[in-house]
Structures are given as structure tokens and as C-alpha cells.
Amino acid sequence: MPIEELDAIDRRIVAALQADGRLSNVELAETVGLSPSPCLRRVSRLEREGYIEGYRAMLGRKRIGLGLTVFVGVKIEGHADDRATTFEEEAVACPEVVACHMVAGDSDYLLEVTVPDLDAYQRFLVGKLLNLPLVREVKSTIAIQTLKAGAVLPLGHLKP
């Protein structure tokens, strides 16, 4: 859907929900200047049309024992066949993979992997990733410190 379909109120709704996804409909309606019923209808439409993909709690990775983040560049053998699709499906199905991007450059895919520690990463790498179809080369970059993660999406490019 073209972003032009988001009017000023829709933009206020998505911005408010990104800032606090736990807002009640009444609180959201008040924040964006609507009454509750039209606000709920707009939120439902934004969900249905894919502007709002879901809601979730953002957990503290270290607090729940996931203290190691590794960015993994993966080169694969082929791209334009069903085996590449199989690689993608299997990579994103791994719970350790919290983000997966097809990229241009030195790698074909960039994975963000979150695990408890280096031993867990080794088990993931040897036991799962290197066994996926078409994997030719893997380069791991360990995050020493995370300064920003899980940020809200910028909305400044949307027409006012």
C-alpha cells in the first residue's frame, strides 16, 4: 500500500502506538484527538492493511540471559532457485535469529543472532547454521556493547 494513504490522524496513531503499544483505545483516542469508536476503526484498518503488524513486549536481553549478540554474514552457493528459498525459510525459523536481511555486498544475508554466551553461539553455528542448505561461508561479528536496538521506526518521511 502506498504511504500516501496515511492521513495526519493515522500517522499520529502509528507514532503513539510505536511509543507505547499498551495504550488503551480510550487513551489512544485522546492522544490523537478522536473519539474512541472512530479511533478503534482506524486502528483495525491499519492492522488489516499491514501498517501495524503486531504488538509485543520488548524484553531486556541481558536480563533474560541472552547476553551475546552476533551479526553473521552468510554467503550461499546459489540465489535464484528453490534451495535459496529453503535456506531463507530455515534461517528465519531458528529462534536464535532475531533478524535476517538479504543484503548486497560481501555477504548474501546478514543475520542477527542472540544467544546466552559464546558456547551457545558455537552450538548454533556448528549445529544449525552451517548445516543449512547452500551455506558457503560465514563471518561472525560479535557485538561488544549495544547502544541502540529495537528502536521505533522513523516517520519523518511521511507527508504531514
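Calculation notes
Residues numbered from 1 in each chain as written. Predicted model: local features only at pLDDT ≥ 70, side-chain atom pairs only at ≥ 80, totals over all residues. Heavy atoms only, no water. Pairing = 2+ DSSP bridges. Helix = DSSP H or I, 4+ residues; strand = E, 2+ residues; numbered from the N terminus. Axes fitted to C-alpha atoms, helices over the stretch in contact; angles between N-to-C directions. Parallel < 35°, antiparallel > 145°, perpendicular 65-115°, else oblique. Contact = heavy atoms within 4.5 Å. Salt bridge = Lys/Arg side-chain N within 4 Å of Asp/Glu carboxyl O.

Participant: Please set out the sheet that holds strand β4 (residues 135-142) residue by residue, giving values where relevant.
Facilitator: Reading across the sheet, the four strands line up as β2-β3-β1-β4 and stay open at both edges, with antiparallel pairing between neighbours. Taken across any chain shown, the strands that pair with only one partner, and hence form the sheet edges, are β2 (97-102) and β4. Taken over all neighbouring pairs, the strand axes of this sheet differ in orientation by 20° on average, direction set aside. Relative to β4, strand β1 (residues 68-76) is paired through seven bridges, and the arrangement is antiparallel.

Participant: Go over the packing of helix α2 (residues 25-32) against helix α3 (residues 36-48) with me, naming the residues and quoting the values.
Facilitator: As a packed pair, α2 and α3 sit with axes 9 Å apart at the nearest point and diverge in direction by 95°. Taken together, the axes of α2 and α3 lie roughly perpendicular to each other. Where α2 approaches α3, its residues N25, V26, L28, A29 and V32 are matched on the opposing element by P36, C39, L40 and V43.

Participant: Quick rundown of the pattern of salt bridges? Include the residues and the values.
Facilitator: Going through the model one piece at a time under the given rule, you end up with seven salt bridges. Between D7 and R42 there is a salt bridge, with the nearest N and O atoms lying 2.9 Å from each other. Of this pair, D7 sits in the segment before α1 (8-19) while R42 sits in helix α3, and the two are 35 residues apart along the sequence. Notably, a salt bridge pairs E137 with K139, separated by 3.8 Å at the nearest N-O pair.

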